[in-house]
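Now for the letters of each chain:
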Number of protein chains: 2
Amino acid sequence: MTRAQQTKSRRMGIPGSANWHAMLDGAECVLREEGYAALTSRRLAEYIGVKQRLVYYYFQTMDDLIVETFGRLAVREIERLREAASSKRPLREIWDVCIHTSDARLIAEFMALANRIKKLRAEVIRFIEESRAIQVSALSAALKRKSRNSRVPPAALAMLATSVALSLTREAELGVTAGHREILAVFGAFLSEAEPK
Amino acid sequence: MTRAQQTKSRRMGIPGSANWHAMLDGAECVLREEGYAALTSRRLAEYIGVKQRLVYYYFQTMDDLIVETFGRLAVREIERLREAASSKRPLREIWDVCIHTSDARLIAEFMALANRIKKLRAEVIRFIEESRAIQVSALSAALKRKSRNSRVPPAALAMLATSVALSLTREAELGVTAGHREILAVFGAFLSEAEPK
DNA sequence: GTCTATACACCGATAGAC
DNA sequence: GTCTATCGGTGTATAGAC
């Protein structure tokens, strides 16, 4: 995460500086609102009110910028997940994190990009695996404590929660709601039984 | 689906002709392999071995081409789903269609594009709603016949199957497999009970 | 640190010849 | 039907001044 840069020596801006964050913030917005094809150095510069050249002072290539943008997001998301897992009601809190994940449009862009930016792909894989590991260990602990060995193993539950939450978010943004009420009821019933309020 | 073209009068190629299909085939490949940013008239022309100008003889704009590409795919997918639903083992067949859906990379591109091409968005919504309706009616019938009113309503099951299948496909393509065995076992157990071989 | 200026390639879309 | 040629615009990335 720190800085694997400096392959070609070139004067560079400091990761973590105000401008650096502003660029990642801008990148997120442009990705979300206009898609990855619109995330160009010119567009980003215009969006955050600097000149195009400055983008290349902070990032070697546009791909690097994209990877860093995802990386910052992933760190935040993992952080949220860890907090949820170690809370008093881990099941409910984790489900809440899944449902209120980053905007589905943003995720759609990163998923598409991950298929052709190798470094991003690696980061995405790492993120999914780490998220799942946290979820599985939290679910295992919570369900064991309840001495309630459900027929559905924790790993399957984690996969289920993530998949369904992502679909719910994406479809809700599109305006599709068929089946949403029903599936939310199923999850609600499970939570009520496994982790009463 | 037929041809909502001809808003601006311009001589156009015939939808359904060999070249038209070749262009949609090429568009699918370029989308899958290189992403939507690479789906340009020049790239597509080169890919299928014609001149750039010809692309605009068959499609008014590149957005139109994308919408048609999705449309053709959606028709095929709905067709597969209908066949599955009216087969002897609808539950297993529908699950099979969900799992062996079009390449996850292609879907990722369309999901991203749907957020900014209005006509595509409308087609995607229509596709999701129609798919779900087919699934729900098939599931309702199959589960009623078994007089087996599960605690999980058909609409929730449909949502579940679609979400999980999509995630499984996407993650498998990335190389992530954590939890896959477990969730497949859960679905397998459900199918064995609800629709014995 | 931030800028101007510039290289060179590629984009969507059209005019109009054959 | 399919082509050549072309418009104006935008892309990444760099050189080098201040």
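One can find the structure itself at the top, above this paragraph.
Residues numbered from 1 in each chain as written. Chains lettered and ligands numbered in written order. Predicted model: local features only at pLDDT ≥ 70, side-chain atom pairs only at ≥ 80, totals over all residues. Heavy atoms only, no water.

1. Notes on the interface of chain B and chain A
Consideration 1: Taken together, the contact pairs 43 residues of chain B with 43 residues of chain A.
Consideration 2: Here chain B meets chain A over a buried area of about 3,500 Å², counting both sides, of which 69% is carbon and sulfur.
Consideration 3: Sorting the residues of chain B by area buried against chain A places Arg116(B), Met159(B) and Leu174(B) first, and these three jointly supply 17% of that buried surface.
Consideration 4: Inspection of the region where chain B meets chain A yields 4 salt bridges.
Consideration 5: A salt bridge links Glu109(B) to Arg116(A); the shortest N-O distance between them is 2.0 Å.
Consideration 6: One can count 16 residue pairs in polar contact (both at pLDDT 80 or more) joining chain B with chain A.
Consideration 7: At 13 residues, the largest contribution of residues to the side of chain B that touches chain A is made by helix H8 (residues 154-174) of chain B.
Consideration 8: A per-class count over the side of chain B that touches chain A returns 23 nonpolar, 6 polar and 14 charged. (Contact = heavy atoms within 4.5 Å. Buried area = accessible area lost by both parts, 1.4 Å probe. Salt bridge = Lys/Arg side-chain N within 4 Å of Asp/Glu carboxyl O. Polar contact = N/O pair within 3.5 Å; in protein donor to acceptor, adjacent residues only side chain to side chain. Helix = DSSP H or I, 4+ residues; strand = E, 2+ residues; numbered from the N terminus. Nonpolar A, V, L, I, M, F, W, Y, C, P; charged D, E, K, R; others polar.)

2. Quick look at the packing of helix H8 (residues 154-174) of chain A against H8(B)
Consideration 1: H8(B) packs onto H8(A) with a crossing angle of 105° between their chain directions and a minimal axis gap of 8 Å. Regarding the angle of H8(A) to H8(B), the classification is roughly perpendicular. Residues Met159(A), Leu160(A), Ser163(A), Val164(A), Leu166(A), Ser167(A), Leu168(A), Arg170(A) and Glu171(A) of H8(A) lie in contact with H8(B), whose contacting residues are Met159(B), Leu160(B), Ser163(B), Val164(B), Leu166(B), Ser167(B), Leu168(B), Arg170(B) and Glu171(B).
Consideration 2: Across the contact of H8(A) with H8(B), the residue classes break down as 10 nonpolar, 4 polar and 4 charged. (Axes fitted to C-alpha atoms, helices over the stretch in contact; angles between N-to-C directions. Parallel < 35°, antiparallel > 145°, perpendicular 65-115°, else oblique.)

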